[in-house]
Amino acid sequence: MAAVPLRPCGVSGRLLPLLRGGARSRGASPWAAGPGRVEQRRYKKDVLPEPGGAAPAVSVTEIRRYLRAQGIPFQDGYSCLHAPSLFGPEPPQAAGPPFVLFIDKTTGSFLCTATLAEGGWQDLQAAVELRHRGIPVPGPEEGEREEEEAEARRAREDARRIWERALPLGELLDEQETRATKAAFGITPLADSTLKRFGVRYLRAAKALVFPWFTPRGAALRGLKLLVAEQRGNAVSYTEETFPRFDAYRNLFGLPLIGRRDTEVVLTGRELDALALHQATGVPCLALPRGAAILPPALLPYLEQFRRVTLWLGDDLRSWEAAKLFARKLNPKRCSLVRPGDLQPRPLEALNQGLNLTKILRAALPAGHKAIVSFRQLREEVFGELANSEQVAGVKWARFPELNKLLKGHRRGELTVFTGPTGSGKTTFISEYALDLCTQGVCTLWGSFEINNIRLAKIMLTQFATRRLEDQLELYDEWADRFEDLPLYFMTFHGQQNIKAVLDTMQHAVYMYDITHVVVDNLQFMMGHEQLSADRLAAQDFIVGAFRKFATDNTCHITLVIHPRKEDDEKELQTASIFGSAKASQEADNVLILQDRKLTTGPGKRYLQVSKNRFDGDVGVFPLEFSKASLTFSSYGKNKAKLKKVKEEKAPSPKKGPSGGVGGSGKP
């Protein structure tokens, strides 16, 4: 039985009515309370993370030098430095200090696994200073703001109520109903003993499996995840909800079962996969809290004890790309990857098919590669791309099906250059273009240097809701809650910026939030700060080259907005109309042009032109219809736009190509 991707469920989702009952306090979760909710608005002034303001300011060399200067012993780990805890009482001298304080080598952030105290590099320096003065260092919650602490308490209370209502599957249902429930979730081969060992329960009122989040030693419940299954033909679709919310849910499911002497572990993308894999092989298994979407750096300390880490995240190309990205954080030298394929599906599917999971694990590929490889080492990679051509093409746009016909999809590691006349709606279009991908799980970082983040977020929220929320303010919280769950982040830069500061922020965001799509609007705002500003063309070439290198090195797609050069308003823009030298169009994998004149369907209409497509060469144009109410350009729900494929422009004057003119496709 196949499984389709998980879909996060918002607080107003269809699961809500199933769990209502009883009185609830203001601001409590709808899962654990009753009707008539009056909820405090959770939006805070700084609700959007600020990678722009948290760029790394310390290197691992500086961290080591500081620890030595302060007389703090430390050990070198895979992704963290290990040191004795600065929190709590002094350890006995005879036993020696336990190295339970983990300092991230990349950011300087720390986590004490003994007390759960955490913070940034400056927080750690402040703790060291307090320790030297003999002043007690605050515990993990004493430094939290009152509002955050209250919200965390509410989430824990909601989780506790749900956990008390849920019971082990075998104890709650009779044998026949248990079999039917397992079949509905596609977990028929899983034994009741496996579910009980991992603490999995069943919430009958919502027909949901409940996965607990305990502290590392299993002493206290910190949160939980609920999973609902829905049959779709031969496939099972899963909907999940977490307490606390996704951005604060950092549960390595299965962690309390890990022994101190375990040196190998397998990371999976779903809790059910971890259950299946452990039952079939007996190896220690952990499930990542958000699957292949993100590996929060805060979880890295819990993985430091393992000398070998195998990543088996899923059965599609996106999971494979995510596994390679996560291996960089974990240190590739100790990582192995299970490549998805027909004979290597995700663990639960492999168990259902009766495959040998131990054999699949032994065939895992090392994550580290030498600088020179032979075709023998690339053979499986090439076969994978041939066998999964649709997935290789990238993530499809849901709102722009015409764009899928030309570009085939949105792929990692590419550079897209986007241009259009002043006032044509470039920012409005590109925000919907990026929002479309973000709603499908593409982690997105926005760098808007031309308009501020409040205005940009307002535009995107309107596009997300496809309605004017000004006229329906009572719906604001509902749509804001859903919008807040998107993997979307904003740089706090505005106006002219230095390219190095922007690249440092992007690098930090890739590490912290596993960003796979960066939107930069626009390039001209970074040219005034360069030393090469006397030669604007050279400055632009340098910036474009830097973005090209970043996209390649970090397997991250960059969409770069560039203004066109000043030309006659009556003429359509071409690739040569992009401001600067030819380097921008040469480095770009895709070139998109927003045209607003001379479309054959009528004067004054806007349309999108794909003038370069390095993936397969298809270029063309299709009309756009702007809706002022929803601020959208997409044809979603409207009359189907007419797509017109054209030959990629080779010269200023069009000539008939060898494939016969209009309707063909040219290779770049």
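In short, a report on the structure. A quick note: this is a predicted structure, and the numbers were derived from the prediction, not measured. (Residues numbered from 1 in each chain as written. Predicted model: local features only at pLDDT ≥ 70, side-chain atom pairs only at ≥ 80, totals over all residues. Heavy atoms only, no water.)

### What about the sheet that holds strand 3 (residues 80-83)?
Spatial ordering of the open sheet is given by 2-3-4-5-6, a layout of five strands whose pairing is antiparallel. Looking at strand neighbours, the two that pair on one side only are strand 2 (75-76) and strand 6 (118-119), the edges of this open sheet. This element, helix 2 (residues 121-132), spans strand 4 (101-104), strand 5 (110-112) and strand 6 of the sheet and lies at about 140° to strand 4. (Pairing = 2+ DSSP bridges. Helix = DSSP H or I, 4+ residues; strand = E, 2+ residues; numbered from the N terminus. Contact = heavy atoms within 4.5 Å. Axes fitted to C-alpha atoms, helices over the stretch in contact; angles between N-to-C directions.)

### Points about helix 14 (residues 426-438)
Spanning 13 residues, helix 14 covers 18 Å between terminal C-alpha atoms, matching the ideal 18 Å at 1.5 Å per step. With 13 of 13 residues buried, helix 14 is to be regarded as a mostly interior element. (Expected span 1.5 Å × (residues − 1). Buried < 20%, exposed > 50% of the residue type's maximum accessible area, 1.4 Å probe, protein only.)

### Some thoughts on the pairing of strand 11 (residues 264-268)
Along strand 11, four of the five residues are buried, which leaves the element largely enclosed by surrounding structure. Bridge count between strand 11 and strand 13 (residues 308-312): five bridges; the pairing is parallel. Note on strand 13: the bridge partner recorded for valine 266 is threonine 310. Pairing of strand 11 with strand 12 (residues 285-287) involves three bridges; the strand directions are parallel. Across the sheet, leucine 267 pairs through a bridge with leucine 286, a residue of strand 12. Handedness of the β-α-β unit built from strand 11, helix 7 (residues 271-281) and strand 12 comes out right-handed. (Right-handed = clockwise from strand over helix to strand, strands pointing away.)

### Some points on helix 15 (residues 453-465)
Compared with an ideal rise of 1.5 Å per residue, which puts 13 residues at 18 Å, helix 15 spans 18 Å between its outermost C-alpha atoms and is within 8% of the ideal. Counting buried residues in helix 15 gives 10 out of 13 residues, a clear majority hidden from the surface. Those residues of helix 15 that fall on the buried side of the exposure criterion are Asn453, Leu456, Ala457, Ile459, Met460, Leu461, Thr462, Gln463, Phe464 and Ala465. In the core, the buried residues of helix 15 are packed alongside helix 14, strand 17 (444-448), helix 16 (476-484) and strand 18 (488-490). Two to three positions downstream of the cap, the backbone nitrogen of isoleucine 454 sits 3.2 Å from a side-chain oxygen, assigning the N-cap of helix 15 to asparagine 452. Positive backbone phi, approximately 50°, marks threonine 466, located one or two places after helix 15. (Polar contact = N/O pair within 3.5 Å; in protein donor to acceptor, adjacent residues only side chain to side chain.)

### Points about a nonpolar patch on the surface
Judged by side-chain polarity, Phe375, Leu378, Val382 and Leu386 come together as a nonpolar surface patch covering roughly 410 Å² of accessible area. Locating leucine 378 in the fold gives a position in helix 11 (residues 375-387). Relative accessible area serves as the criterion here: at 39%, leucine 378 is assigned to the partly exposed category. (Patch = residues over 30% accessible without salt bridge, like charges linked within 9 Å, V, L, I, M, F, W, Y side chains within 5 Å. Areas by Shrake-Rupley, 256 points an atom, 1.4 Å probe, with all protein chains shown as cover. Salt bridge = Lys/Arg side-chain N within 4 Å of Asp/Glu carboxyl O.)

### Some points on the sheet that holds strand 15 (residues 365-366)
The strand order across the open sheet formed by five strands is 12-11-13-14-15, and the pairing between neighbours is mixed. For this open sheet the edge positions go to strand 12 and strand 15, each flanked by a neighbour on one side alone. Bridge count for strand 14 (residues 335-337) against strand 15 is two bridges, and the pairing is antiparallel. By the bridge assignment for strand 15, leucine 337 is matched with leucine 365. Against the sheet, helix 7 engages strand 11, strand 12 and strand 13, with an angle of about 170° to strand 12. Against the sheet, helix 8 (residues 317-330) contacts strand 11, strand 13, strand 14 and strand 15, and its axis sits at roughly 175° relative to strand 14.

### Re the pattern of salt bridges
Working definition: two side chains of opposite charge can pair if their charged atoms are close together. Summed over all chains, the structure comprises 31 salt bridges. When the shortest N-O distance is used, the salt bridge between arginine 64 and aspartate 76 registers 2.8 Å. Residue arginine 64 is located in helix 1 (residues 60-69), and its partner aspartate 76 is located in strand 2; the two are separated by 12 residues in the primary sequence. For aspartate 76, a relative accessible area of 48% gives the class partly exposed. Its salt-bridge partner being arginine 160, residue glutamate 164 comes within 2.6 Å of it at the nearest N-O pair.

### Thoughts on the environment of valine 266
Looking at the secondary structure, you find valine 266 in strand 11. Looking at valine 266, the relative accessible area reads 5%, which means it is buried. Sequence separation between valine 266 and cysteine 335 is 69 residues; the distance between their C-alpha atoms is 9.7 Å. Sequence-distant contacts of valine 266, that is, excluding residues within four places in its chain, are made with Leu277, Val283, Pro284, Cys285, Leu286, Thr310, Trp312 and Leu361.

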